[in-house]
Each structure stands twice: as structure tokens, then as C-alpha cells.
Amino acid sequence: MEIASELSAEPVPAGPLVVVTVAGDIDYTNSDEMAGEIWNVLARHAPAAIRVDLAEATFIDSTGLGALIAAYRAAADAGCAFTVAAPSPAFRRVLSITGLSDLFGVDEPPEPAEPQRTVER
């Protein structure tokens, strides 16, 4: 798993937004690392919001979900909004089944665009 965090230039009304990007597998071998990075972000930046970007994550197990829940609780205790963004369809299904998609503020995926039809004359 690779993890990085950075202050975002995206405006958040209450203050700074930090985006934590996770790539690869999130499992029992490294879920503490992910949670630790989020706790460090809270301590270093005191952000108004944290967004965990899962676009590059490939797998998550129950310890990874537990780490996200622990990070959510730490953010809530600090008065920081916490969202999860861009989960893969498989992650989205897990988050939906467990009820965590609502807790983490996961948006519904965009509807696929209808194919453009051309009319030949």
C-alpha cells in the first residue's frame, strides 16, 4: 500500500481540506499505517475536512474497514468532516452493504452517459 496526504487548494468553508490518497491493498498488514497517517494529518494540519481517496486502492479487508471507522471517529472527535471518495465498484458495494457509505459520505456513482447517436442524412 502507498499512502500520501496533501493540503488541497479546493475551498472548504470551515478551513483547510486534506486529501489522503491510498493506493494498493488495505489489509491487516498495513491498515494501522493508513489510520496513523490520518491521525497525523489531524495533528499536523487540524483540517476542517479530510477526504480519503480510494481511486487507486485495489482491495480492502475488515481491518481496513476498521481503520477507516477509527479514522472517522478521530476526525469526528476533532470536529473534522471525513469523507471517502472514488471507491471502486467492489469497494462501493462493501461500503453499501455494511452501511458505511452513508457514514463516510460516499456519493452515488455518476450515471453512465448515454451513447451519442448520430443521424445520417
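Residues numbered from 1 in each chain as written. Predicted model: local features only at pLDDT ≥ 70, side-chain atom pairs only at ≥ 80, totals over all residues. Heavy atoms only, no water.

The name given to the chain in an unreviewed UniProt entry is Anti-sigma factor antagonist, with Catenuloplanes niger as the source organism. The Sequence similarities (unreviewed entry) field of the UniProt record for the chain holds the comment "Belongs to the anti-sigma-factor antagonist family." (UniProt positions renumbered as here; feature names shortened; annotations may be inferred.)

Draft legend 1. Just the overall build of the chain, in detail. Summing up its helical and strand segments, the chain has four helices and four strands in all. Each helix and strand of the chain, ordered N terminal to C terminal, gives the series β-β-α-β-α-β-α-α. Here the chain holds 121 residues, and 36% of them are scored as buried. Of the contacts formed within the chain by residues at least 6 apart in sequence, a portion of 66% connects residues at least 24 apart. A total of about 7500 Å² of accessible surface is found on the chain, and carbon and sulfur atoms cover 52% of it. (Helix = DSSP H or I, 4+ residues; strand = E, 2+ residues; numbered from the N terminus. Buried < 20%, exposed > 50% of the residue type's maximum accessible area, 1.4 Å probe, protein only. Contact = heavy atoms within 4.5 Å. Areas by Shrake-Rupley, 256 points an atom, 1.4 Å probe, with all protein chains shown as cover.)

Draft legend 2. Highlighting the pairing of strand β2 (residues 17-26). The buried fraction of β2 is high, at seven of 10 residues. Note: β2 against strand β3 (residues 49-60), nine bridges, orientation parallel. By the bridge assignment, I26 is partnered in β3 with I60. Note on the crossover from β2 through helix α1 (residues 31-45) to β3: the handedness is right-handed. (Pairing = 2+ DSSP bridges. Right-handed = clockwise from strand over helix to strand, strands pointing away.)

Draft legend 3. Quick peek at the environment of A43. Structurally, A43 is set in helix α1. The spacing of A43 and A78 is 35 residues in sequence and 9.4 Å in space, taken between C-alpha atoms.

Draft legend 4. Examining the confidence of the model for the chain more closely. Here the chain averages 83 in pLDDT, and 79% of its residues register 70 or above. Per-residue pLDDT, averaged within each element of the chain, yields its smallest value for strand β1 (residues 2-8) (68) and its largest for helix α2 (residues 62-77) (93). (pLDDT = per-residue confidence, 0-100.)

Draft legend 5. A look at the side chain of D61. Take D61: it is sitting in the loop between β3 and α2. In this structure, D61 is buried with no salt-bridge partner, the nearest side chain bearing the opposite charge being R73 at 15 Å. Within the structure, D61 has its side chain in polar contact with the side chain of T63 (distance 2.6 Å). The residues touching D61, leaving out its near neighbours within four places in the chain, are I26, D27 and Y28. (Lys, Arg positive; Asp, Glu negative; His and termini not counted. Salt bridge = Lys/Arg side-chain N within 4 Å of Asp/Glu carboxyl O. Polar contact = N/O pair within 3.5 Å; in protein donor to acceptor, adjacent residues only side chain to side chain.)

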